[in-house]
Amino acid sequence: MHKDVESILVSEKEIEEIVLRIAGEINKNLNGEPLLVVVILKGSTPFAMDLIKKLDMPVEIDFMQVSSYGKTTESNGFINVKRDLEQDVTGKNVLIVEDIIDSGNTLYKIKALFQDRKAKTVQICTLLDKPSRRVVDVNVDYVGKEIPDEFAIGYGLDYCEHYRNLPYVGVLKRSVYEK
Ligand code: PRP
């Protein structure tokens, strides 16, 4: 285990099981219909790349990067699109892939944006969910694991851009960010 990790929240093995379970649910629900997978940069990239390999319908991939205005540790309900999709979502089945849902603001806004752009369906998939932090009610279609309100890092999740490459999700030691 990395020296800055207090404990493991989701192990490599558990991540593999989550990926297989969620991919199975998506394959069943889509029933062979084509899917546009939207990867929300940067944190969801490892999860999204593992997930797409288990999908069995025709898949397109695109990327979006957003930031919350004035984000410190809390988000305030506004998002800024830093990088938009290349693809037109009109008439497509869209799956938004996230690493974590916290307040719900980001996903609420992105889902509404794709609905405005006349996507055929918009579904949300997240590796991690912190329901105790929810501010906005957003319907999440596929959840890997609900976690407590701890500082999660690894498998895409960062602290000051570090730790994204850890192969598991862990809790960051307080001593690292309370220095
Ligand atoms: C995280 C996460 C979501 C958002 C969730 O991204 O990937 O996009 O925050 O928070 P919310 O539910 O309160 O809106 P972050 O801004 O940390 O960017 P990153 O993935 O590039 O690290």
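Residues numbered from 1 in each chain as written. Predicted model: local features only at pLDDT ≥ 70, side-chain atom pairs only at ≥ 80, totals over all residues. Heavy atoms only, no water.

1. Section: the sheet that holds strand β1 (residues 5-10)
Okay, so step 1: The strand order across the open sheet built from three strands is β1-β9-β8, with neighbouring strands paired in antiparallel fashion. Edge positions in the sheet fall to β1 and β8 (152-153), since each of these pairs with one other strand and no more.
Okay, so step 2: Taken together, the two bridges between β8 and strand β9 (residues 169-172) define a ladder with antiparallel strand orientation. By the bridge assignment, A152 is partnered in β9 with V171.
Okay, so step 3: On the sheet, helix α1 (residues 12-30) packs against β1 and β9 and is oriented at approximately 25° with respect to β1. (Pairing = 2+ DSSP bridges. Helix = DSSP H or I, 4+ residues; strand = E, 2+ residues; numbered from the N terminus. Contact = heavy atoms within 4.5 Å. Axes fitted to C-alpha atoms, helices over the stretch in contact; angles between N-to-C directions.)

2. Description of α1
Okay, so step 1: Taking 1.5 Å per residue, 19 residues should reach 27 Å; α1 reaches 27 Å between its end C-alpha atoms and fits that length.
Okay, so step 2: Those residues of α1 lying buried are I15, I18, V19, I22, A23, I26, N27 and L30. Along the long axis of α1, the arc covered by the buried residues comes to 160°, so they all point the same way. The exposed set on the far side of α1, more than 90 degrees from its buried face, consists of K13, L20 and K28. (Expected span 1.5 Å × (residues − 1). Buried < 20%, exposed > 50% of the residue type's maximum accessible area, 1.4 Å probe, protein only. Arc of directions from axis to C-beta.)

3. Overview of the packing of aromatic side chains
Okay, so step 1: Scanning all chains against the criterion turns up three aromatic pairs.
Okay, so step 2: Site record: aromatic cluster; members linked through ring pairs are F151, Y159 and Y177. (Phe/Tyr/Trp six-rings, centres within 6.5 Å; stacked < 30°, edge-to-face > 60°.)

4. Thoughts on the nonpolar core
Okay, so step 1: Core analysis: the biggest nonpolar cluster contains 30 residues, and I26, F47, L51 and V169 have the highest contact counts within it.
Okay, so step 2: Considering each element in turn, this core owes the most residues, seven residues, to α1.
Okay, so step 3: Those residues in contact with I26, other than ones at most four positions away along the chain, are L35, L51, L55, M57, L95 and Y142.
Okay, so step 4: By size, the runner-up hydrophobic cluster in this structure holds 19 residues, among which are L36, I40, M64 and V122. (Core = buried A, V, L, I, M, F, W, Y, C linked by side-chain atoms within 4.5 Å.)

5. Quick notes on the site of the ligand
Okay, so step 1: Around the ligand sit 16 residues, and of these E98, D99, S103, G104 and T106 come closest.
Okay, so step 2: Within the side chain of D158, a nitrogen or oxygen atom sits 3.2 Å from an oxygen atom of the ligand.
Okay, so step 3: For the ligand, an oxygen atom lies 3.1 Å from a polar atom in the side chain of R164.
Okay, so step 4: Bound to the protein, the ligand loses 84% of the 500 Å² it would expose on its own.
Okay, so step 5: Contributing elements (two or more residues each) for the shell around the ligand: β5 (93-101) and α3 (105-116).
Okay, so step 6: Residue contributions to the shell around the ligand peak at four residues, all from β5. (Near = heavy atom within 4 Å. Polar contact = N/O pair within 3.5 Å; in protein donor to acceptor, adjacent residues only side chain to side chain. Areas by Shrake-Rupley, 256 points an atom, 1.4 Å probe, with all protein chains shown as cover.)

Function-wise, these values are silent; they only describe arrangement.
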